[in-house]
Amino acid sequence: MFYFAPDAWPYVGALAAATAFFWMIGWCFLGWVAAFLGAFTLFFFRDPDRDTPYDPTLAISPADGKVMRIEEIENDEFIGGPATKISIFLNIFNVHINRSPITGEVAFRHYRAGKMLPAYKTHASEENERNSIGIKGEAANVIVHQITGLIARRIVCRVDTGAKLVQGQRYGLIKFGSCTELIVPASATVLVRVGENVTGALTPLAKFAQTEED
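Draft legend 1. Structural detail: helix 1 (residues 8-24). For helix 1, with 17 residues, the first-to-last C-alpha span of 24 Å sits near the 24 Å given by 1.5 Å per residue. Among all positions in helix 1, only A8, V12, L15, T19 and F22 are buried. End-on view of helix 1: buried residues confined to an arc of 95°, all on one side of the axis. Residues P10 and M24 are exposed on helix 1 and point more than 90 degrees away from its buried face. Tucked into the core, helix 1 has its buried residues touching helix 2 (28-44). Following helix 1 by one or two positions, G26 adopts a phi angle in the positive range, close to 90°.

So, in structure tokens, the structure goes:
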């Protein structure tokens with residue numbers, strides 16, 4: 001079933017009012033433009049239900065989109081050593097809801113103001129507006145970055161430090177185009193390739209290394 005993120009309604013309401021006004025004064029072309037923009041805005045903020053099978057050994061995709069890059073990180077303090085970053089580009093036609101890749105507790109949240117470079121640029125992660133959360137899970141720690149793009153104008157994150165998240169649970173969104181990054185331990189096996197399309201809450205991105213206790 002499809003739902004719509006509540007963040008859509010101020011935009012849709014304003015565009016509906018504009019549509020009515022333009023039609024009322026006889027500016028039909030502008031009325032149709034406003035109506036189209038309202039319908040597209042509703043489409044953009046769609047929020048479909050997804051049934052995520054629980055698997056603590058997997059990190060699932062936190063967003064819909066296309067895998068742009070897979071990069072090695074020499075050391076990440078929260079991850080606790082070498083890490084791998086998987087970058088996902090979301091175009092304006094993708095579902096923009098962000099979901100938790102694992103079940104765990106939000107150990108930190110950090111917001112950084114920044115630029116509005118195109119999200120597919122390699123340096124966008126370090127220069128654009130970004131919100132990050134670190135999640136402590138059963139098998140490993142992960143980090144998710146929400147990054148704005150050229151059109152994106154606001155990051156929405158509905159969780160803070162101490163929040164408990166279930167794998168696949170909605171926790172935020174990025175309005176109008178963006179990039180989402182997942183950082184996992186380097187010991188995890190990456191299950192996707194650059195150029196592959198992924199689906200939030202459904203596509204496994206990485207499998208964590210098994211320990212002797214497992």
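There is more to say, and it comes next.
Draft legend 2. Seen up close, the sheet that holds strand 6 (residues 97-99). Ordered by their spatial adjacency, three strands build an open sheet running 6-12-10, and the pairing between neighbours is antiparallel. This sheet does not close on itself; its edge strands, each paired only once, are strand 6 and strand 10 (154-157). Here the average twist between neighbouring strands, direction ignored, is 20°.

Draft legend 3. Quick look at the packing of aromatic side chains. Within this structure, the stated rule accounts for nine aromatic pairs. Ring centres 6.1 Å apart and planes at 15° place the aromatic pair F22 and W27 in the stacked group. Its relative accessible area of 48% is what places W27 among the partly exposed residues. Counting every residue linked through ring pairs, the aromatic cluster contains Y11, F44 and F45. Taking NZ or CZ as reference, R46 lies 3.9 Å from the ring centre of F43, over its face.

Draft legend 4. View of the packing of helix 1 against helix 2. Helix 2 packs onto helix 1 with a crossing angle of 165° between their chain directions and a minimal axis gap of 8 Å. On the basis of the axis angle, helix 1 is roughly antiparallel to helix 2. You can see that helix 1 and helix 2 cross each other, and the crossing is left-handed. From helix 1, W9, Y11, V12, L15, A18, T19, F22 and W23 reach across to helix 2, where they touch C28, L30, G31, W32, A34, A35, L37, G38, T41 and L42. A breakdown of the residues in the contact of helix 1 with helix 2 according to their chemical character gives 14 nonpolar, four polar and no charged.

Draft legend 5. Main features of helix 2. An ideal rise of 1.5 Å per residue puts 24 Å on 17 residues; helix 2 measures up with 24 Å between its terminal C-alpha atoms. Each element contacted by the buried residues of helix 2 is listed here: helix 1, strand 2 (46-48) and strand 12 (170-175).

Rules used throughout
- Starting afresh in each chain, residues are numbered from 1 along the sequence in its written order.
- Per-residue local features are limited, in this predicted model, to residues with pLDDT of at least 70; the limit for side-chain atom pairs, both in listing and counting, is 80 or more; totals at the level of whole chains, interfaces and linings are taken over all residues.
- Computation of side-chain values: all heavy atoms of the structure, hydrogens and water removed.
- Helix numbering and strand numbering both begin at the N terminus, where a helix is a DSSP run of H or I of at least 4 residues and a strand a DSSP run of E of at least 2.
- Helix span, expected: 1.5 Å multiplied by one less than the number of residues in the helix.
- A 1.4 Å probe rolled over the protein chains alone gives each residue an accessible area, and that area as a share of the maximum for its type sets the label: buried under 20%, exposed over 50%, partly exposed in between.
- Regarding the arc, it is the one traced by the directions from the helix axis to the C-beta atoms.
- Residue contacts are counted whenever heavy atoms from the two residues lie within 4.5 Å of one another.
- Should DSSP find at least two bridges between two strands, the strands are taken to pair.
- What counts as an axis is a line fitted to C-alpha atoms, over the stretch in contact for a helix, and the angles between N-to-C directions run from 0 to 180 degrees.
- Between the rings of Phe, Tyr and Trp (Trp by its six-membered ring), a pair exists once the centres lie within 6.5 Å; its type follows the angle of the planes, with under 30 degrees stacked, over 60 edge-to-face, and the other angles tilted.
- Placement of a positive charge over a ring is assigned whenever Lys NZ or Arg CZ falls within 6 Å of the ring centre and within 35 degrees of the normal to the ring plane.
- If an angle is under 35 degrees, it is roughly parallel; if it is over 145, roughly antiparallel; if it lies from 65 to 115, roughly perpendicular; otherwise it is oblique.
- If you view the pair so one helix is near and one far, a crossing is left-handed when the near helix is turned anticlockwise from the far one by less than a right angle, and right-handed when it is turned clockwise.
- Each residue receives one of three labels: charged for Asp, Glu, Lys and Arg, nonpolar for Ala, Val, Leu, Ile, Met, Phe, Trp, Tyr, Cys and Pro, and polar for the others, Gly being one of them.

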